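# Secondary and tertiary structure notes
Each chain, written out:
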Amino acid sequence: MRSVALFGALAALLALPDVLAVKSHDFKTCSQSGFCRRGRALAARAQEAQSSWESPYWVEPSSISVSPENSTIKASVKSSLYPEIKFGLELRIHDDGVVRVLLDEVDGVRKRYDEAASWALVSEPKLSKSIRWAVGKKELRAAFGKKNDIEIIVNYEPLHVRLRRGGEDQIVLNGRGLLHMEHFRSQTSKETVEEVASDENGEGQEVLQTENVRAWFEGDSEDAYWEEKFSTWTDSKPKGPESLSLDISFPNHGTVYGIPQHATNLSLPSTTGDSPSYSDPFRLYNTDVFEYLASSPMSLYGSIPVMHAHSAENTVGVFNAVGSETWIDISYPTKKSTHTHWISESGIMDVFLLPGPTPEEIFAQYARLTGTTALPAHWSLGYHQCRWNYVSSDDVRTVQKRFDEEDMPVDVFWLDIEYAQDHKYFIWDHKTFPDPIEMTNDVAAAGRKMVVIVDPHLKRTSDYPVYQEASDLDILVKPKSGEGEYEGWCWSGSSSWIDHFDPASWDWWISKFTTTKIDTGFSWTESTEDVHIWNDMNEPSIFNGPEITMPKDSIHYGGWEHRDVHNINGMLFHNNTAQAVRVRSDIPKRPFVLTRSFYAGSQRVGAMWTGDNLGTWDHMAVGIKMVLANGIAGMAFAGSDVGGFFGNPEPEMLVRWYQVGIFSPFFRAHAHIDTKRREPFLLEEPYKSIIRDILRLRYSMLPIWYTAFRENSVTGMPIVRPHYVMFPQDTAGFNIDDQFFVGSSGILVKPVTEKEKTEATVYLPEDQVYYDYFTQHAYRGSSKGKHVAVAAELHQVPVFIRGGSILPTRERPRRSSPLMKLDPFTLRVALSKAGTARGELYLDDGITYSHQQGELVWREFVAEQPQKKMTRISSKDLASQNPTKAVDGVALTAYDPKNAFAKEIEEVRVEKIVVLGLSSKPSAVKLESGADLKWEFVPGVAASDKQEGTASVLSIKDPKVLVTADWAIVIS
């Protein structure tokens with residue numbers, strides 16, 4: 001959301017294409033950013049010089065030291081530009097093969113910001129104990145890895161670092177000589193030297209201005225070193241220039257992904273080189289971009305500086321732990337190579353090289369660094385209904401009543417900023433919400449929750465206890481003087497911001513969410529444990545600030561400027577909020593906290609959404625790409641606002657958007673205050689019934705989604721997976737970002753994101769059978785990949801089951817997901833060409849952390865052919881076999897299949913098993929223990945056939961097998 005001043009133009013803007021909606025003049029381009037100009041100019045000089053260009057940075061060989069355990073090397077680095085300035089290089093090799101490369105200024109005028117990684121990392125990485133460094137005359141190197149085929153090589157002069165595998169360069173730092181760490185200096189220093197010349201008799205003296213000896217590298221002017229203006233704002237830049245330029249090349253990888261958040265393709269387009277797709281670099285700078293473009297390198301609300309480089313041979317990655325504004329240029333000099341140039345405003349160089357070599361291993365390596373998505377509350381995977389704003393308690397009750405009357409499931413109702421008196425968060429406006437606890441209890445009676453917004457800006461008034469306490473504790477961000485409180489303008493009017501970098505703020509903020517009275521000040525007694533939190537505007541968004549955010553020279557705890565920590569700032573706010581919601585009850589419960597701003601590591605505590613999108617087909621389509629990109633970077637619990645935040649989508653668009661939404665990890669409909677009400681029960685037929693069916697499909701698949709979240713929480717594998725993750729060697733799929741798989745389930749989805757489409761083209765990447773989820777039509781892929789045309793009328797969303805998959809679903813419609821806890825399951829067994837299939841089901845109480853004590857059920861379903869003309873379907877316990885892999889962050893030493901949760905659901909059964917693709921009608925279907933089962937068979941195409949057509953379907957009715965028990969069914 002953005003300033004009230006913008007509302008008047010909203011109606012006109014909504015009628016325009018989104019290319020005209022974004023107010024680009026509010027935000028910098030690279031040419032308007034001093035340090036980005038300098039970085040790009042440096043790259044241009046290097047390009048012009050070609051082979052004569054050489055980096056001025058070099059390693060002093062005599063300074064190299066190796067740690068006693070050999071995992072770390074340190075060395076002094078000098079620059080020929082400034083011989084008197086000292087830099088320190090450090091390389092650490094982790095026990096999983098990740099290489100951390102650090103460069104910092106030593107004994108400088110000031111200290112560079114070096115804490116970004118400490119906020120991002122889940123813990124200090126374990127270092128390898130088996131490394132042996134070879135220190136040579138021109139380079140030092142070490143070989144490691146399971147096959148000892150990975151090498152890290154540091155060249156002394158010029159300095160560059162190479163990660164190699166199998167003798168080939170995979171990642172190269174400073175290979176193009178663009179490394180430049182602008183050292184701290186005094187403003188009185190000169191970049192030119194004045195000399196006095198005279199004739200041999202000492203007469204005729206004149207002053208000569210000599211050439212700037214550093215101009216070949218740095219340019220011939222101090223471009224925005226000490227002050228920078230943008231629009232009406234001036235950045236005082238008291239520390240002077242301190243930017244970091246670094247080129248990172250991938251000589252054998254022609255595709256890169258990551259660095260969210262941007263509205264663009266999953267496979268990142270070029271920004272430099274021949275015929276670039278964009279003229280500006282990709283920008284990482286958390287900003288509140290109003291009605292953002294559907295294709296742009298502009299920065300948006302979150303920043304995760306992680307990039308994957310992919311080829312058919314392998315995958316590598318980099319995580320650049322920097323918290324300041326960063327611009328990234330990308331070029332593709334050949335089809336099989338990628339150049340990137342990272343330009344950051346401040347901070348040390350702290351780069352993690354992820355060696356892969358598969359996408360799965362990249363995700364695991366990054367997860368070990370920054371953590372995984374915390375296993376969420378089960379109800380949070382249901383449908384969320386939101387708008388700015390539900391205007392009263394009665395409005396909330398009416399909306400809930402209408403959902404129930406129309407038999408539409410929903411789990412969460414949301415309240416935006418208007419619930420709060422004068423936008424003083426926590427303080428209810430009793431004129432419109434006179435009974436917040438009773439209202440929440442009414443919602444909770446149907447198993448549902450409330451989510452209420454708490455923004456970071458605090459109204460500066462003494463009658464607002466949250467602000468007054470923060471002011472008294474001196475835990476608010478300070479202006480550039482370092483004294484007093486920074487004051488800006490946001491929804492609350494004159495506002496200040498808590499400095500969540502200050503440890504003194506942490507316990508205080510957590511105490512505000514306590515639902516009982518406390519002795520130390522205000523607590524949210526007009527709340528219950530059924531209220532969860534939405535953290536918006538935490539970039540931070542400041543209406544009268546430069547680029548709608550906080551001035552960079554504002555001061556945080558420790559004396560750091562806001563420029564140093566800007567991209568990290570929002571993460572700390574939602575992290576502390578999540579901790580508050582977690583511990584407010586006697587038995588800790590899993591919090592749900594939605595954040596708009598995020599950084600590497602944010603996935604550990606919350607979900608995100610893609611911000612204030614437009615109700616257009618383009619925004620619907622790019623939302624899929626953005627969710628996939630966030631998943632690549634670890635932020636897996638992600639979604640876009642269904643219907644678009646702005647605009648009034650026509651019914652067809654709204655239906656298609658719901659079809660997109662049900663296949664997003666986070667599923668919420670949201671709308672601007674000036675839009676028409678568009679709750680799904682308000683639609684005319686047939687749209688209302690179509691959306692009802694869409695919602696029910698999401699709820700029937702909740703076991704699949706929850707199982708995918710468990711896998712993500714343990715392995716880091718994305719919940720929605722782009723093609724290259726599933727089929728990393730299929731070059732035809734590297735750029736596919738309009739279809740995707742759901743976890744390891746085998747579900748393939750191709751949402752329709754174009755108007756008046758009745759058919760869709762789906763890419764099948766392998767020689768395998770794929771079944772239409774609804775019609776059981778069997779499609780055949782090809783080892784070379786194959787496109788198939790499928791029906792996609794408005795009521796149809798192309799969903800397929802990959803042959804070899806078993807899907808657990810719950811088919812009984814309920815009003816909310818908690819009411820499904822004891823419902824029976826249906827198993828869809830989609831046989832592969834070989835006649836086999838596999839699937840998983842994970843269950844726990846979905847609320848508490850009891851799963852970390854082993855109170856869970858984790859089952860494996862397998863279909864196999866133990867002999868010709870026989871199929872055996874079985875269920876067995878996975879948790880007993882893999883206790884160390886069952887739960888994220890906890891290695892269960894033992895697992896009891898009779899645990900308390902398993903006993904709660906011990907009567908839950910499988911009520912139906914559907915087997916697709918049998919080659920012939922069975923003669924018998926029995927429990928392996930001997931009992932005959934009731935079944936029906938509809939003949940059709942077999943999984944092993946070559947032709948397409950409706951697959952054969954065997955339906956086993958109520959086999960009387962339990963979800964928590966081992967069992968087997970034999971089809972002969």
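Residues numbered from 1 in each chain as written. Predicted model: local features only at pLDDT ≥ 70, side-chain atom pairs only at ≥ 80, totals over all residues. Heavy atoms only, no water.

Time to look at the overall build of the protein. Across its full length, the protein holds 16 helices and 53 strands. Against the globule reference of 30 Å for 972 residues, the protein gives a C-alpha radius of gyration of 29 Å, in line with a compact fold. Overall size of the protein, expressed as C-alpha extent along the three principal axes, is 120 × 70 × 55 Å. For the protein, the residues scored as buried account for 64% of the 972 residues in total. (Helix = DSSP H or I, 4+ residues; strand = E, 2+ residues; numbered from the N terminus. Rg over C-alpha atoms; globule rule 2.2 N^0.38 Å. Buried < 20%, exposed > 50% of the residue type's maximum accessible area, 1.4 Å probe, protein only.)

What follows is about the sheet that holds strand E26 (residues 449–453). Working definition: the strands of a sheet are paired by backbone hydrogen bonds and lie parallel or antiparallel to each other. Here we have eight strands laid out as an open sheet, ordered E33-E32-E31-E30-E26-E25-E24-E34, and parallel in their pairing. Pairing within the sheet leaves two strands with one partner each, and these edge strands are strand E33 (638–639) and strand E34 (668–669). Note: E26 against strand E30 (residues 531–535), four bridges, orientation parallel. Across the sheet, Val-451 pairs through a bridge with His-532, a residue of E30. (Pairing = 2+ DSSP bridges.)

Summarising the element assignment, Lys-957 is placed in strand E52 (residues 953–962). Owing to a relative accessible area of 40%, Lys-957 belongs among the partly exposed residues under this scheme. Counting along the chain gives 831 residues from Lys-957 to Lys-126, while the straight-line C-alpha distance between them is 52 Å. In this view, Lys-957 contacts Glu-911, Lys-934 and Glu-936; residues no more than four positions away in its chain are not counted. Here Glu-936 takes part through its side chain, which lies 2.8 Å from a polar atom of the side chain of Lys-957. (Contact = heavy atoms within 4.5 Å. Polar contact = N/O pair within 3.5 Å; in protein donor to acceptor, adjacent residues only side chain to side chain.)

A few words now on the environment of Leu-916. As for its placement among the helices and strands, Leu-916 is situated in strand E48 (residues 909–916). For Leu-916 and Val-953, which are 37 residues apart along the polypeptide, the C-alpha to C-alpha distance reads 4.9 Å. Beyond its immediate chain neighbours, meaning those up to four positions away, Leu-916 contacts Tyr-771, Gln-776, Ile-801, Val-829, Ala-830, Leu-831, Ser-952 and Val-953.

For the rest of this paragraph, the subject is the packing of helix H13 (residues 687–700) against helix H14 (residues 702–715). In a packed pair of helices, the relevant descriptors are the angle between the two axes and the axis-to-axis distance. For the pair H13 and H14, interaxial distance at closest approach is 5 Å and the crossing angle is 50 degrees. Between H13 and H14, the angle falls in the class oblique. Every residue of H14 that contacts H13 at Arg-698, Tyr-699 and Ser-700 is listed here: Leu-702, Pro-703 and Trp-705. Residue composition of the contact of H13 with H14, by class: four nonpolar, one polar and one charged. (Axes fitted to C-alpha atoms, helices over the stretch in contact; angles between N-to-C directions. Parallel < 35°, antiparallel > 145°, perpendicular 65-115°, else oblique. Nonpolar A, V, L, I, M, F, W, Y, C, P; charged D, E, K, R; others polar.)

Glancing now at the side chain of Ser-267. Along the polypeptide, Ser-267 turns up in the loop between strand E17 (255–258) and strand E18 (282–284). In this structure Ser-267 comes out as buried when scored by relative accessible area, which is 13%. There is a polar contact of 3.0 Å between the side chain of Ser-267 and the side chain of Asn-735. Not counting chain neighbours up to four residues away, the residues in contact with Ser-267 comprise Thr-255, Val-256, Tyr-257, Phe-734 and Asn-735.

Here the focus is the state of the cysteines. Within this structure, the stated rule accounts for one disulfide. Each sulfur in the disulfide pair Cys-30 and Cys-36 lies 2.0 Å from the other. Where Cys-30 bonds to Cys-36 through sulfur, the torsion about that S-S bond is close to -100 degrees, and the disulfide is left-handed. What makes Cys-36 buried here is its relative accessible area of 0%. Just so you know, Cys-386 is unpaired, no disulfide at all, and the nearest cysteine sulfur is the one on Cys-490, 17 Å from it. Under the relative-accessibility criterion, Cys-386 is labelled buried at 2%. (Disulfide = S-S within 2.5 Å.)

The subject of this paragraph is helix H9 (residues 504–511). Taken residue by residue, H9 has Ser-505, Trp-508, Trp-509 and Ser-511 as its buried positions. Projection of H9 onto a plane perpendicular to its axis shows the buried side chains occupying an angular sector of 155 degrees, all on one side. Contacts made by the buried residues of H9 are with helix H8 (465–473) and helix H10 (562–583). (Arc of directions from axis to C-beta.)

Here the focus is unusual backbone geometry. Gln-261 follows Pro-260 through a cis peptide bond whose omega is 25 degrees. Within the fold, Gln-261 resides in the loop between E17 and E18. The step from Gly-356 to Pro-357 runs through a cis peptide bond, and the omega angle for that step is 15 degrees. In the Ramachandran plot, Asn-70 falls in the positive-phi region, its phi being about 70 degrees despite a non-glycine side chain. Take Asn-70: it is sitting in the loop between strand E2 (65–66) and strand E3 (72–79). For Asn-70, a relative accessible area of 19% puts it in the buried group. Phi at Asp-407 takes a positive value of approximately 55 degrees, unusual for a residue other than glycine. Note that Asp-407 resides in the loop between helix H6 (393–405) and strand E25 (412–415).

As a further point, take the pairing of strand E53 (residues 967–971). The buried count for E53 comes to five of five residues, which makes it a mostly enclosed element. Covered by surrounding structure in E53 are Trp-967, Ile-969 and Ile-971 together with Ala-968 and Val-970, the residues of both alternating faces. Where strand E47 (residues 871–877) meets E53, five bridges bridge the pair, whose relative direction is antiparallel. Within the sheet, the bridge partner assigned to Ser-875 lies in E53 and is Trp-967. Judged from the three bridges that link them, strand E49 (residues 925–927) and E53 form a sheet pairing that is antiparallel. Bridge assignment links Val-925 to a residue of E53, and that residue is Ile-971.

Taken as a whole and judged by the stated rule, the model has 76 salt bridges. Notably, a salt bridge pairs Lys-589 with Glu-529, separated by 2.9 Å at the nearest N-O pair. In this pair, Lys-589 is assigned in the loop between H10 and strand E31 (593–595) and Glu-529 in the loop between H9 and E30, connecting sequence segments 60 residues apart. Taking the relative accessible area as the measure of exposure, Lys-589 reaches 30% and is therefore partly exposed. Look at Glu-529 and you get partly exposed, because its relative accessible area is 28%. With a shortest N-O distance of 3.7 Å, Lys-750 and Asp-738 are connected by a salt bridge. One end of the pair, Lys-750, is in the loop between strand E37 (747–749) and strand E38 (759–764); the other, Asp-738, is in the loop between helix H15 (723–726) and strand E36 (740–742), with twelve residues separating them in the sequence. For Lys-750, a relative accessible area of 11% translates into the label buried. A network of salt bridges, in which partner residues are shared, links Asp-235, Lys-239, Glu-242, Arg-283, Glu-325, Glu-345, Glu-547, Lys-552, Glu-561, Arg-563 and Asp-564. (Salt bridge = Lys/Arg side-chain N within 4 Å of Asp/Glu carboxyl O.)

On to the nonpolar core. If you look at the biggest cluster of nonpolar residues, it comprises 217 residues, and the most contacted ones within it are Tyr-419 and Phe-663. With nine residues, helix H11 (residues 617–632) is the single largest residue contributor to this core. With residues up to four places along the chain from it excluded, the contact list for Phe-663 reads Leu-697, Arg-698, Met-701, Trp-705, Val-720, Phe-740, Val-742, Ile-747, Val-749, Val-797 and Val-799. One finds Trp-53, Ala-75, Phe-144 and Ile-259 within the second-largest nonpolar core, a separate group that totals 57 residues. (Core = buried A, V, L, I, M, F, W, Y, C linked by side-chain atoms within 4.5 Å.)

The subject of this paragraph is the packing of aromatic side chains. Within the structure shown, the criterion is met by 48 aromatic pairs. Taking the centre distance of 5.8 Å and the plane angle of 50 degrees together, the rings of Tyr-383 and Tyr-658 count as tilted. With Tyr-383 in the loop between helix H5 (359–370) and strand E24 (384–385) and Tyr-658 in helix H12 (residues 651–661), this pair connects stretches of sequence that are 275 residues apart. A residue is classified by how much of its surface remains accessible, and Tyr-383, at 0% relative accessible area, is buried. Three or more aromatic residues joined by ring pairs form one cluster here, namely Tyr-419, Phe-426, Trp-428, Phe-433, Trp-508, Trp-509, Phe-513, Phe-522, Trp-524 and Phe-573. One residue, Arg-668, lies across the ring of Trp-534, its end atom 4.7 Å from the ring centre. One cation-aromatic arrangement involves Arg-710 over Trp-858; the distance from NZ or CZ to the ring centre is 4.0 Å. (Phe/Tyr/Trp six-rings, centres within 6.5 Å; stacked < 30°, edge-to-face > 60°. Lys NZ or Arg CZ within 6 Å of the ring centre and 35° of its normal.)

Read across the open sheet, the seven strands follow the order E35-E36-E37-E42-E39-E40-E51; overall the sheet is antiparallel. The strands lining the two open edges of the sheet, one partner per strand, are strand E35 (720–721) and strand E51 (949–950). For strand E39 (residues 769–772) and strand E42 (residues 799–802), the ladder comprises three bridges, and the chain directions are antiparallel. Residue pairing across strands places Tyr-770 opposite Arg-802, the latter belonging to E42.

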